[in-house]
Structure formats: C-alpha cells, structure tokens
Amino acid sequence: MSRLFIPNSIALTNFDAVFKDNDFSIDDKTVEISFHPKYVAMHPVGLALYAALSDRYREEGVKTKCMSTIRSLPFRTFNEWDCLLHLATAIRFIRKNTKKRDDLFR
Amino acid sequence: MKIQSGDQLAKFLRTVDPILHTTQENSRVIKHVFSELIRNVLEHSRSALGGNVCATYNRKRRKFSIGISDAGRGIFQAMIKHHKFGSHKEAVLAALTPGISGTTARLGGTAENAGAGLFFTKSIAQTTRNHFLIYSGNAYFKLPLTKPRTPIRFHANPLEDHCSIRDGLPYFKGTLIGIDIYIQDTKAFNNLIESIGSAYQLSVRQSRKDYYKRIRFI
C-alpha cells in the first residue's frame with residue numbers, strides 16, 4: 001500500500017518537508033494517508049499540492065485510507081477552507097465536527 | 001477554489017478584487033499573477049479537473065501567499081513537442097526562460113503565448129524579495145528570500161538566479177507553483193511590470209542574437 005504523509009507545517013522555506021516519507025506513487029491503487037493528529041498548518045502551496053494529488057486520486061480511481069482525523073483546521077481567507085474541504089472530501093480524512101480556527105501564521 | 005474554464009477565470013478575477021484589500025495598482029499585479037498562472041493551467045496542462053487556486057493574505061506582514069496546481073501532463077510533456085529536453089529539470093528551467101513557449105519552437109513565442117508568464121511571475125517574486133517555487137515531474141526550482149540590500153537583477157537564464165534546484169524527487173504528475181508577494185507601495189513595486197517587461201525584451205533579443213550567431217550560411 002502506498003503512503004501519503006502530510007507534515008504539520010509546509011511553507012516555501014521548508015517545502016522539502018512534503019517529501020518526507022512520501023513518493024506520491026499510486027501503483028497499487030490504494031493510499032494510506034497520515035498526518036499530525038492535532039495540527040496541520042500550511043502555505044497555500046501545500047494545499048494546492050494536495051488538491052492536485054486528490055485530483056489525481058479521483059481521476060485514477062485510487063482508494064484512500066486515513067489513519068487519523070484532524071480535530072481542528074486553521075483557516076484564514078477566502079478559499080483555503082474550501083480547498084481543504086475539497087481535499088478532505090477527495091481523500092476522506094475529515095470528521096463532521098471539525099472546527100475552523102483562525103490562527104494560521106500566528 | 002477550482003477553475004476549469006476561461007469564463008470561470010474571468011469571474012474569479014472580477015470577484016477577487018475587493019478581497020485583495022489593496023490599491024488598484026497592487027491588485028493589478030496580484031491579478032496578473034493569478035491570470036498568467038491559471039491561463040497556463042487551462043491552455044497547457046490538459047487537466048481534466050482544471051486547476052486549483054489557493055491563497056492567503058497576512059494582513060500584519062502585508063503578504064500574499066499563492067499556490068496554484070493542476071494534475072495535468074506537467075511541463076515536460078507540455079513542452080516536448082517543440083523543444084528537446086533530457087529531463088524534467090531541463091524542462092522546468094526552459095519554462096522559466098523568457099521567450100520559450102510550449103506552443104512553438106520559435107524564440108519569443110507567438111502573439112498568444114510569448115513564453116513570458118512564468119518569467120514575469122518569478123520576477124515579481126524577485127522584485128518583492130520573496131519566495132517562488134515551481135515543481136513539476138521530479139524537479140523543482142525555488143527562489144529563496146533575498147537580503148534587502150542585494151540589488152535586484154532579472155536573469156534570462158534561471159541558473160544565474162540565486163536559487164535552489166533539485167531533481168530526482170518523487171514524481172508529481174502535474175505542475176505546482178507557489179509564490180509570496182509583499183504588497184508595499186514602493187517605487188519598485190509600482191514600476192514592476194514596466195521594468196520586467198524591458199528585461200524580457202532585452203533577453204529575447206539577446207537569445208535571438210546568440211541563436212543567429214550559431215548559424216553559419218555557406
């Protein structure tokens with residue numbers, strides 16, 4: 001089973017964090033997704049990366065399995081929340097009672 | 001936000017204006033970045049699901065952070081029809097070179113595609129001394145922050161920039177671009193488009209000169 005690890009912080013400075021424990025492969029059509037259980041804060045480039053990966057999963061009919069759920073998500077302006085929802089819907093890792101939290105870039 | 005057509009792009013650019021919280025001149029630059037990058041996705045990526053646009057604004061630092069991606073064919077496949085590359089890294093570097101377009105082999109591109117979009121976007125990040133990243137296939141190009149006193153120079157050859165390039169990375173099908181832009185009413189920012197425009201013209205002219213120097217008529 002392929003793995004996708006979402007680090008708890010992605011910025012353009014530390015973009016290489018996205019390569020940690022990841023090869024973005026979907027050879028066996030199943031991906032196990034894991035991430036920091038409490039906090040995920042990312043630059044829009046991180047969101048865009050995972051949105052594109054989720055597009056690819058949709059296109060190629062990849063099944064996803066999530067190892068944990070996010071309790072709260074940081075959100076800031078006009079479309080980050082929508083993008084996260086889009087991503088979350090695609091890779092099915094969100095809980096119904098996940099709360100928005102306006103504290104990104106504290 | 002998902003953008004899958006030119007109409008959606010036009011609507012997005014209309015609606016984004018009031019959210020930008022900045023002057024008309026500054027919002028022109030931000031909208032230019034959005035427009036160039038999303039047009040690239042729509043025209044070249046062949047992504048069935050369109051492009052993804054993500055952005056945040058940090059009011060305290062007056063900084064826009066933008067991420068744009070697609071799950072399309074990537075830069076290498078988009079440009080290989082008219083150019084010769086041995087790797088994704090070479091394709092990414094060519095995409096950043098002014099005057100090289102995926103739609104033609106001609107230096108300076110065509111009327112519709114001048115091969116200037118990514119060069120302009122990179123130069124905007126350089127002008128505001130900020131980060132810029134482009135990742136496609138197994139390679140990325142990244143501009144780090146530059147010190148305030150370092151003079152700003154726009155190089156036609158991206159290898160001459162103070163940058164970090166990596167290849168042999170996990171394969172990413174599609175293209176990802178990230179950029180930070182500081183919104184400040186400085187003279188440099190206001191004259192941005194003009195100064196980058198002249199840099200583009202100079203470098204295309206130089207590339208053509210170099211090209212014709214190589215040709216010898218017997």
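Up top is the structure.
Owing to the predicted nature of the structure, the values given are computational and were not obtained by experimental measurement. (Residues numbered from 1 in each chain as written. Chains lettered and ligands numbered in written order. Predicted model: local features only at pLDDT ≥ 70, side-chain atom pairs only at ≥ 80, totals over all residues.)

Asker: Explain the overall build of chain A to me, using residue names and the numbers behind them.
Answerer: Tallying secondary structure elements over chain A gives two helices and seven strands in all. Walking chain A from its N terminus toward its C terminus, one meets helices and strands in the order β-β-β-β-α-β-β-α-β. Residues counted as buried form 37% of the 106 residues belonging to chain A. Across chain A, the fraction of contacts at a sequence separation of at least 24, relative to all contacts at a separation of at least 6, is 85%. (Helix = DSSP H or I, 4+ residues; strand = E, 2+ residues; numbered from the N terminus. Buried ≥ 20, exposed ≤ 12 C-beta atoms within 10 Å, placed from the backbone. Contact = placed C-beta atoms within 7 Å.)

Asker: Would you mind going over the overall build of chain B in detail, with residue names and values included?
Answerer: Scanning chain B from terminus to terminus reveals seven helices and seven strands. Across the 218 residues that make up chain B, the buried fraction comes to 44%. Counting only contacts in chain B whose residues sit at least 6 apart along the sequence, the fraction spanning at least 24 positions is 62%.

Asker: Break down the nonpolar core for me, citing the residues and quoting the values.
Answerer: Core analysis: the largest hydrophobic core is formed by 67 residues, its most contacted members being A:Ala48, B:Val33, B:Val92 and B:Leu133. Ranked by the residues each element gives to this core, the list is headed by helix H1 (residues 44–59) of chain A, at nine residues. Ignoring any residue separated from it by four or fewer positions in sequence, one finds B:Leu133 in contact with A:Leu12, A:Phe15, A:Val45, B:Tyr140, B:Lys142, B:Ile177 and B:Gly178. (Core = buried A, V, L, I, M, F, W, Y, C linked by C-beta atoms within 7 Å.)

Asker: Any details on H1(A)? Residues and values, ideally.
Answerer: All names here are of chain A. Compared with the 22 Å implied by 1.5 Å per residue over 16 residues, the 22 Å span of H1 between its first and last C-alpha is a close match. Counted residue by residue, H1 has 14 buried out of 16 residues, so it is predominantly covered. Backbone geometry just after H1 places Gly 61 at a positive phi near 60 degrees. (Expected span 1.5 Å × (residues − 1).)

Asker: Tell me about unusual backbone geometry, and name the residues and values.
Answerer: With a phi angle near 55 degrees, A:Phe24 is a residue other than glycine that sits in the positive phi range. As for its placement among the helices and strands, A:Phe24 is situated in the loop between strand E2 (9–10) and strand E3 (30–35).

Asker: Tell me about the interface of chain B and chain A, and please be specific about residues and values.
Answerer: Tallying the contact residues gives 31 residues for chain B and 29 residues for chain A. Every element with two or more residues in the side of chain B that touches chain A is listed here: strand E2 (51–58), strand E3 (63–70) and strand E7 (172–182) of chain B. The greatest single-element share of the side of chain B that touches chain A, amounting to seven residues, is contributed by E2(B). Within the side of chain B that touches chain A, the residues separate by chemical class into 17 nonpolar, nine polar and five charged. (Nonpolar A, V, L, I, M, F, W, Y, C, P; charged D, E, K, R; others polar.)

Asker: Which residues make up the sheet that holds E7(B), and what values do they have?
Answerer: All names here are of chain B. Strands sit in the order E1-E2-E3-E7-E4-E5-E6 across an open sheet of seven strands; the sheet is antiparallel. For this open sheet the edge positions go to strand E1 (2–3) and strand E6 (164–166), each flanked by a neighbour on one side alone. Relative to E3, E2 is paired through eight bridges, and the arrangement is antiparallel. Residue pairing for E3: Ala 55 is matched across the bridge by Ile 66. Together, strand E4 (132–137), strand E5 (139–143) and E6 form the strand contacts of helix H4 (residues 88–96), whose direction differs from that of E5 by roughly 40 degrees. (Pairing = 2+ DSSP bridges. Axes fitted to C-alpha atoms, helices over the stretch in contact; angles between N-to-C directions.)

Asker: Any details on helix H5 (residues 117–127) of chain B? Residues and values, ideally.
Answerer: In terms of burial, H5(B) is largely enclosed, as eleven of its eleven residues are buried. Just beyond H5(B), the residue with positive phi is B:Arg129, at close to 55 degrees.

Asker: So what's going on with the pairing of E4(B)? Residues and values would help.
Answerer: Residue and element names in this part refer to chain B. With six of six residues buried, E4 lies mostly within the body of the structure. With five bridges joining them, E4 and E5 adopt antiparallel strand pairing. For Ser 136, the partnering residue across the bridge sits in E5 and is Ala 139. The antiparallel hairpin formed by E4 and E5 contains one residue in its connecting segment. When E4 meets E7, the two strands line up antiparallel, connected through six bridges. Its bridge partner lying in E7, Phe 132 is registered against Ile 179.

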